[in-house]
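Single-letter residue listing:
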Amino acid sequence: MPLWLIYHPPTAYTDPSAKDALVKTITSVYTTFGLPAFYVVVNFIQVPLENTYIGGVTRSASDRPFVRLAADHIAHNFPRDDDKAIRAAGNTFRDVLAPRMAELGYDWEFHIAETDRRLWKINGLTPPERETEGERLWIEVNKPVPYE
C-alpha cells in the first residue's frame, strides 16, 4: 500500500474538489503501474499555522500555504541499488504533483519512505505478490479477498 499523509494549514484544501483532484492524481500513478486502487490511502491532516515551523519560524495566514506530503511505500519497493529507478520514481511524483501545487499556489515538499513488505497485512491477509493471480483478483474486485 502506498500511504500518503498530507499535512496542510487550515488555509489549504478548503475546497473538497482540490482534495479529490490530488487523490485521483496520486492514485492514477499507482494504478498505471498495475496496483489495485484500494491500496492507495491518502489522509489529509490539517495542522494549525502555529504548529508548523519552517526554518525556526511559524507561517502566517498571509504566507503561501505550505503543504508537506509524506508517502510510505509498502506494496512494492524499489531495488535499493537501482539509483536510476529510484530517481525516476521521485521525478514521476514530482511531475504529477507540481501542476496541482502550482495551480493552488502552495509551497510544498514530499518524500517517499519504504517499509518492508513482510510486515504488511490487509484485513489480516498477506497481500499477494506482484503480477500473480492473487493480485489480479484483488485488482478485479478492488478489495482484499482470500486467494490461493
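Refer to the preceding data block for the structure.
Described below are features of the structure shown in this document. Not measured: the values here are computed from a predicted model. (Residues numbered from 1 in each chain as written. Predicted model: local features only at pLDDT ≥ 70, side-chain atom pairs only at ≥ 80, totals over all residues. Heavy atoms only, no water.)

1. Things to note about unusual backbone geometry
Right, so step 1: Phi angles above zero are rare outside glycine, and Glu131 is one such case at about 55°.
Right, so step 2: Following the sequence through the fold, Glu131 ends up in the loop between β6 (107-114) and α3 (133-141).
Right, so step 3: Given the relative accessible area of 60%, Glu131 is considered exposed.
Right, so step 4: For Asn142, which is not a glycine, the phi torsion comes out positive at approximately 55°.
Right, so step 5: Note on placement: Asn142 falls in the segment after α3. (Helix = DSSP H or I, 4+ residues; strand = E, 2+ residues; numbered from the N terminus. Buried < 20%, exposed > 50% of the residue type's maximum accessible area, 1.4 Å probe, protein only.)

2. Topic: the sheet that holds strand β1 (residues 2-8)
Strands belonging to one sheet form pairs held by backbone hydrogen bonds; the direction of such a pair is parallel or antiparallel.
Right, so step 1: If you trace the 4 strands from one edge of the open sheet to the other, you get β2-β1-β5-β6, paired in mixed fashion. For this open sheet the edge positions go to β2 (41-46) and β6, each flanked by a neighbour on one side alone. Between one strand axis and the next, the sheet turns by 15° as a mean value, whatever way the strands run.
Right, so step 2: Sheet topology note: the strand β5 (residues 66-73)/β6 ladder contains 8 bridges and is parallel. Within β6, the position partnered with Asp72 by the bridge is Ala113. (Pairing = 2+ DSSP bridges. Axes fitted to C-alpha atoms, helices over the stretch in contact; angles between N-to-C directions.)

3. Overview of the environment of Leu97
Right, so step 1: Residue position: Leu97 is located in helix α2 (residues 83-104).
Right, so step 2: Leu97 sits 27 residues away from Gly124 along the chain, and the two C-alpha atoms are 32 Å apart.
Right, so step 3: When near neighbours in sequence (up to four residues on either side) are disregarded, Leu97 contacts Trp4, Leu22, Ile26, Leu69, Trp108 and Phe110. (Contact = heavy atoms within 4.5 Å.)

4. A closer look at empty space enclosed by the protein
Right, so step 1: Counted according to the given criterion, the structure contains 1 cavity of 30 Å³ or more.
Right, so step 2: By volume, the largest cavity amounts to about 60 Å³.
Right, so step 3: If you trace the largest cavity, you find it lined by His8, Pro9, Val47, Pro48, Leu49, Thr52, Arg59, Arg64, Pro65 and Phe66.
Right, so step 4: Among the residues making up the lining of the largest cavity, the classes are represented as 6 nonpolar, 2 polar and 2 charged. (1 Å grid on protein atoms, 1.4 Å probe; cavity = no way out; pocket = protein on both sides within 12 Å on 5 of 7 lines; lining within 4 Å. Points joined across faces, edges and corners; volume = space filled by probe spheres on them. Nonpolar A, V, L, I, M, F, W, Y, C, P; charged D, E, K, R; others polar.)

5. Description of the environment of Ala37
Right, so step 1: By the element assignment, Ala37 lies in the loop between α1 (16-32) and β2.
Right, so step 2: Ala37 sits in the partly exposed class, given a relative accessible area of 31%.
Right, so step 3: It is 23 Å that separates the C-alpha atoms of Ala37 and Asp15, two residues lying 22 residues apart in sequence.
Right, so step 4: Beyond its immediate sequence surroundings of up to four residues, Ala37 is in contact with Thr27, Thr31 and Asn142.

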